[in-house]
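Here is how the chains run, residue by residue.
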Amino acid sequence: MTWTRNDFPEGFLFGAATSSYQIEGHGMGGAGPTHWDSFAATPGNVVRAEDGARACDHYTRWPEDLDLLRDLNVDIYRFSTSWARVLPEGTGTPNPEGLDFYDRLVDGMLERGLKPAATLYHWELPQPLADRGGWRNRDIAGWFAEFTETIMGRIGDRLWCAAPINEPWCVSWLSHFEGHHAPGMRDIRATARAMHHVLLAHGRAIEVMRGLGLSNLGGVFNLEWADPADPDNPADVAAAARYDAIYNRFFLGGVFQGHYPAEVLEGLEPHLPQGWQDDFATITQPLDWVGLNYYTRKLIAAAPGPWPGLTEVQGPLPKTQMGWEVCPEALYRFVMRVANTHAPDLPIYVTENGMANADRLQGGVVDDPERLAYLDAHLAQCRRAIADGADLHGYIIWSLLDNYEWALGYEKRFGLVHVDFESLKRTPKASYHALERALRRKGG
């Protein structure tokens, strides 16, 4: 690493992140079925039809994983809770084993000096609620509020911070328009309703947590920079603006400005639920911080056909194992955009950043210089943003562990720690050891 903790402002926080379905092992502990289990069981949806039934067995190995976080010298552990583990039917009677698990997990973080940062929903919708329309059904805002009250009534008193929903674009557009994630739909009307209802559920969850007396509440948005494939072609410029509106400005604008961009309403307004304009008082519940998940940028060109009339074009930059371009400068641009436009009065955290790499365990060692270079370059852009006045308070790496990478199964490795998915043995990679040294505290 070309930096140490001392190169950042006093109080700047570092962390690592995971998500429940990707690591816990959903087939144990009384968890109910999710729409991801159904999606993965459908031929052609997921590589080798792999699911999260065992994953990394974090459900039983959590003490070892929390020790890895403590020994990494991070400040924050950003984790998520499983709705279907806590409420197997989505509503109604809680699962005592699920609540006890998150109780133990949070206590374990505190015992190791870690700040617990909870995300309530990271994509594993209980199947009984999917059967009732899932994110297409306006009632999901109430169902999610019930889940929020159940889980936060149990662990909220010991959390450092909380956010309702991870990456609303993935929950709605990727899953209902592109069909790449559960429930695997390709339906513009379902998409419009899911995009609106995910923000309505976010607002209801914030209301519930405020009612419980909780503070340090935020929202987590995944952002993807869009450049026109040909900046001299007005059609490509307009297509890139539409992509930016769908991916970024719809969710940021809805939560912070209380409106949706015209480029999105052009295609989705006929399909939005009746009275959607009246929901912004709930959607715009005040937040205490904003979280940005950033990985890549895309080159966008105009395409024939109906709205949105765009397509992705292969870019020239180096690629990760996911095929995503490495573009650290766009992280700087997003931090500055949020700081200057969307949430100028709020602290900003980079809540996810990292790369998948074709890591190999050889002789008990995993060398991953590509990940080191990626993290170095993005943290340099964080320092640049701070120098230019952004109120950036922290940086959280995705991910602590190699894990279940959704529709891509267990092939794509984002972890600082290598996981052998047969033995489940954890092996810290070279990037883990370099971070451990860079993050040592004064006197440590």
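Above: the structure in question.
What you see is a predicted model, and the numbers here were worked out from it, not measured in a lab.

Enquirer: Is there a simple way to think about unusual backbone geometry in this case?
Expert: Excluding glycine, residues mostly have negative phi values, and the peptide bonds linking residues are mostly trans. Cis geometry marks the peptide bond from alanine 182 to proline 183, where omega comes out at 10 degrees. Note on placement: proline 183 falls in the loop between helix 8 (168-176) and helix 9 (188-211). For the bond running from tryptophan 398 to serine 399, omega is 10 degrees, close enough to zero to count as cis. Even without being glycine, arginine 48 reaches a positive phi, approximately 55 degrees. Secondary-structure assignment places arginine 48 in the loop between helix 2 (35-41) and helix 3 (58-72).

Enquirer: Looking at this model, I keep getting lost on the environment of alanine 130. Mind explaining?
Expert: By the element assignment, alanine 130 lies in helix 6 (residues 127-130). When the C-alpha atoms of alanine 130 and glycine 90 are compared, they prove to be 9.3 Å apart, with 40 residues separating the residues in sequence. The residues contacting alanine 130, other than those within four sequence positions of it, are His35, Leu125 and Arg136.

Enquirer: Where do I start with the pairing of strand 6 (residues 289-302) in this structure?
Expert: In regular strands, side chains alternate between the two faces of the sheet. Taken across its 14 residues, strand 6 has 13 buried, putting it largely inside the fold. Here strand 6 pairs with strand 8 (residues 348-352) via four bridges, running parallel. Considered in strand 8, the bridge of valine 290 is made with isoleucine 348. Alignment of strand 6 against strand 7 (residues 310-313), held across four bridges, turns out to be antiparallel. Paired with isoleucine 300 across the bridge in strand 7 is glutamate 312.

Calculation criteria
- Residues numbered from 1 in each chain as written.
- Predicted model: local features only at pLDDT ≥ 70, side-chain atom pairs only at ≥ 80, totals over all residues.
- Heavy atoms only, no water.
- Helix = DSSP H or I, 4+ residues; strand = E, 2+ residues; numbered from the N terminus.
- Contact = heavy atoms within 4.5 Å.
- Buried < 20%, exposed > 50% of the residue type's maximum accessible area, 1.4 Å probe, protein only.
- Pairing = 2+ DSSP bridges.

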